[in-house]
Amino acid sequence: AALLQKYPDLSVTIEGHACSCGGADYNIGLARDRAASVLEFLAQNGVDRARLNAVSYGETRPVVEVEEVPKCILLPPESQIRKNHALNRRVEFRLE
């Protein structure tokens, strides 16, 4: 929030992403909630809401392609597949 307050001419698009565990509709909603949560945090910490936009991409823009397995969330934490899914669950900022 402090960086955005320092540059008041910047607008921010907050992009929510999800891994492919779960259904596509669920992941769109999950990613939307992630982005909305970040938007709310920034607004509560002094960034004008007019400068903020939240979008959801769900599982459509992975940073790591992941082998699909049933019930991937039940894999052991040390599993590379599970670690790759975790990398795809994220929020990114696009400054404009």
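Computed from a predicted model, the values in this text were never measured in an experiment. (Residues numbered from 1 in each chain as written. Predicted model: local features only at pLDDT ≥ 70, side-chain atom pairs only at ≥ 80, totals over all residues. Heavy atoms only, no water.)

Moving on, we get to the side chain of Asn84. Its place among the elements puts Asn84 in helix H3 (residues 80–88). Excluding residues that lie within four positions of it along the chain, Asn84 makes contacts with Val64 and Val66. (Helix = DSSP H or I, 4+ residues; strand = E, 2+ residues; numbered from the N terminus. Contact = heavy atoms within 4.5 Å.)

Turning our attention to the pairing of strand S2 (residues 52–58). By the bridge criterion, six bridges tie strand S1 (residues 12–17) to S2 in an arrangement that is parallel. What sits directly across from Glu15, in S2, is Val55. Following the chain from S1 across helix H2 (residues 24–44) to the adjacent parallel S2, one finds a crossover that is right-handed. (Pairing = 2+ DSSP bridges. Right-handed = clockwise from strand over helix to strand, strands pointing away.)

In this section: the environment of Ala36. Its location among the elements puts Ala36 in helix H2. In sequence terms Ala36 and Val12 are 24 residues apart; their C-alpha atoms lie 13 Å from each other.

With that settled, consider the sheet that holds S1. What holds strands together in a sheet is hydrogen bonding between their backbones, with the strands either parallel or antiparallel. Ordered by their spatial adjacency, three strands build an open sheet running S2-S1-S3, and the pairing between neighbours is mixed. The open sheet has two edge strands with one neighbour each: S2 and strand S3 (90–95). Averaged over all adjacent pairs, the angle separating strand axes in this sheet is 25°, with direction ignored. Relative to the sheet, H2 contacts S1, S2 and S3, its axis offset from that of S2 by approximately 160°. (Axes fitted to C-alpha atoms, helices over the stretch in contact; angles between N-to-C directions.)

Right, let's talk about the pattern of salt bridges for a bit. Working definition: two side chains of opposite charge can pair if their charged atoms are close together. As enumerated under the stated definition, the model contains four salt bridges in all. The partner of Arg49 in a salt bridge is Glu40, and the shortest N-O contact between them spans 2.8 Å. Since its relative accessible area comes to 30%, Glu40 is described here as partly exposed. Here Glu96 and Arg94 are joined by a salt bridge, their closest N and O atoms 3.2 Å apart. Assessed through its relative accessible area of 47%, Glu96 is described here as partly exposed. Because the salt bridges share partners, they merge into one network encompassing Glu15, Arg94 and Glu96. (Salt bridge = Lys/Arg side-chain N within 4 Å of Asp/Glu carboxyl O. Buried < 20%, exposed > 50% of the residue type's maximum accessible area, 1.4 Å probe, protein only.)

Once that is clear, we can look at the environment of Ala43. Residue placement: Ala43 occurs in helix H2. Placed 42 residues apart in sequence, Ala43 and Ala1 show a C-alpha to C-alpha distance of 8.3 Å. Ignoring any residue separated from it by four or fewer positions in sequence, one finds Ala43 in contact with Arg49 and Leu52.

Limitation: the analysis is restricted to geometry and does not speak to function.
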